[in-house]
Every structure is written in C-alpha cells, then in structure tokens.
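Per-entry structural report
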Amino acid sequence: MKTPYKNIYIILKQNRFIVLTVIIGAVLTCIVSVLMVIKLYKETTNNAFVVNSDGSVIPLKLVSQQENLKVEALANLELFHTYFYNIDASNYEKNLEKALWLGNSSVDALYRQKKADGVYNRLLQYSLLQKVLRIESKVDIQNEPYRFETKTIFEINRGTVTDTYELTTTGKLIQIDRNFPKNTHGLLITDFFENTLKKINDESP
C-alpha cells in the first residue's frame, strides 16, 4: 500500500508559519535586549559602585552633572574676578596673565583698554593696593553659553585713604577643554563687560 503524500501547499504553509514565528521571536528578543542595555547604561551612568568590606557592592548616587557644572562655573568666576581685580604693584602682571587664560578676546580687550588708560601705571606709581573683599555670582546653566552676572566688592588702598567699590560685570561662559593649571574648570568667559561701578564708602583714618 502506498503512503499518501501530504498536500504541498499545506507543507509550505507550515514552513512559512515556523519561519515567521522564528523571525518574530528573534525580533522580540533583540528589542528586549536593546531595552535592557539602555536601562543598564542609564543605571550605571547615574550610579557609582564601591565594594564594601564584606564584599558586597554598594551603589552610590552621583551628583547630577548640572549641579557639578554650576559649582565649577561659580568657582571659575570667583577665580577670574580674584585674578583680574585683586592686584597690587607686586602681583598685577602675574594675576592678569592668569586671568587672561580664563577669558576670550573680550577680556583681553578690556585689559588693553585699562592699560591704555593708565590704570596699571597708576597702580605702580602710587603703590596702590586693590583688594577683593567679596564676590557674588549668578549663572544660568540651562543653555550654553551660560549667562552670568557677578558683583565684586573691592577696596583700593591709597595709603591715607581707602575707598570701597561695588563692580557689576556680565558675560557668558562656554565649555572648552580643561587645561591644568591654566584653566582647570574648562570654562571660558566671553562677552565680558563691566556694567556699573559705584563707590560704597570713603574711609579715611
């Protein structure tokens, strides 16, 4: 007795069903794998791990990048304003050189203007002491370039007279490659401008 052959169309349908099932399964597996990798990457990006004394792994939450950026921006602004305005006859060249590494051509242009106006010559001639007392900065780190406003309180000691001033400066910060020790925070001041300067008091001994 001859064995009856199956209908070729039925066999092809079965084969197609198996192939489609395998393909769909493979696609779903790939999708799940990609999602798992993305989730794992996000978790490892936002967490640091240390090994405890008993061998267990302890996750530590990292400070957000935005918070780190704000801290570095404020530190950069304080450093720049200290270098640029805390000067006397003995240190002004060294301090201004350091300040120029933290700003672009707008800072250099202001420096050259002050030099042309004889600011630094008077510093030498009269042995003036310009001392920064306080620096207060506000910076918007939502979008680059980051706008800032800084109020610098400083005093100028003329020997017998000490005047105290409040200077308001504005500008923007952009991120650049870090350069140790010339620009450790990797931030460059642009569009720097001295807005207002007012005398707070006039102290005479």
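Our subject in this report is the structure included herewith. (Residues numbered from 1 in each chain as written. Predicted model: local features only at pLDDT ≥ 70, side-chain atom pairs only at ≥ 80, totals over all residues. Heavy atoms only, no water.)

**Looking at the layout of surface pockets**
- Within this model, the largest pocket holds a volume of roughly 390 Å³.
- In this structure, the largest pocket is lined by 17 residues; those nearest its centre are K114, V119, Q130, F154 and I156.
- For the lining of the largest pocket, the elements supplying multiple residues, two or more each, are helix 2 (65-85), helix 5 (119-125), strand 5 (146-157), strand 6 (162-175) and strand 7 (187-203).
- A per-element tally of the lining of the largest pocket places helix 5 first, with four residues.
- Its residues placed into classes, the lining of the largest pocket shows twelve nonpolar, one polar and four charged.
- Roughly 170 Å³ of volume is contained in the second largest pocket.
- Every residue along the wall of the second largest pocket is listed here: L79, Y83, E97, K98, W101, L102, P181, K182, N183 and T184. (1 Å grid on protein atoms, 1.4 Å probe; cavity = no way out; pocket = protein on both sides within 12 Å on 5 of 7 lines; lining within 4 Å. Points joined across faces, edges and corners; volume = space filled by probe spheres on them. Helix = DSSP H or I, 4+ residues; strand = E, 2+ residues; numbered from the N terminus. Nonpolar A, V, L, I, M, F, W, Y, C, P; charged D, E, K, R; others polar.)

**A closer look at helix 3 (residues 92-100)**
- Of all the positions in helix 3, only Y92, N95, L96 and A99 are classed as buried. Projected onto a plane normal to the axis of helix 3, the buried residues spread over an arc of 95 degrees and lie on a single side. What points out from helix 3, more than 90 degrees from its buried face, is the exposed set E93, K94 and E97. (Buried < 20%, exposed > 50% of the residue type's maximum accessible area, 1.4 Å probe, protein only. Arc of directions from axis to C-beta.)

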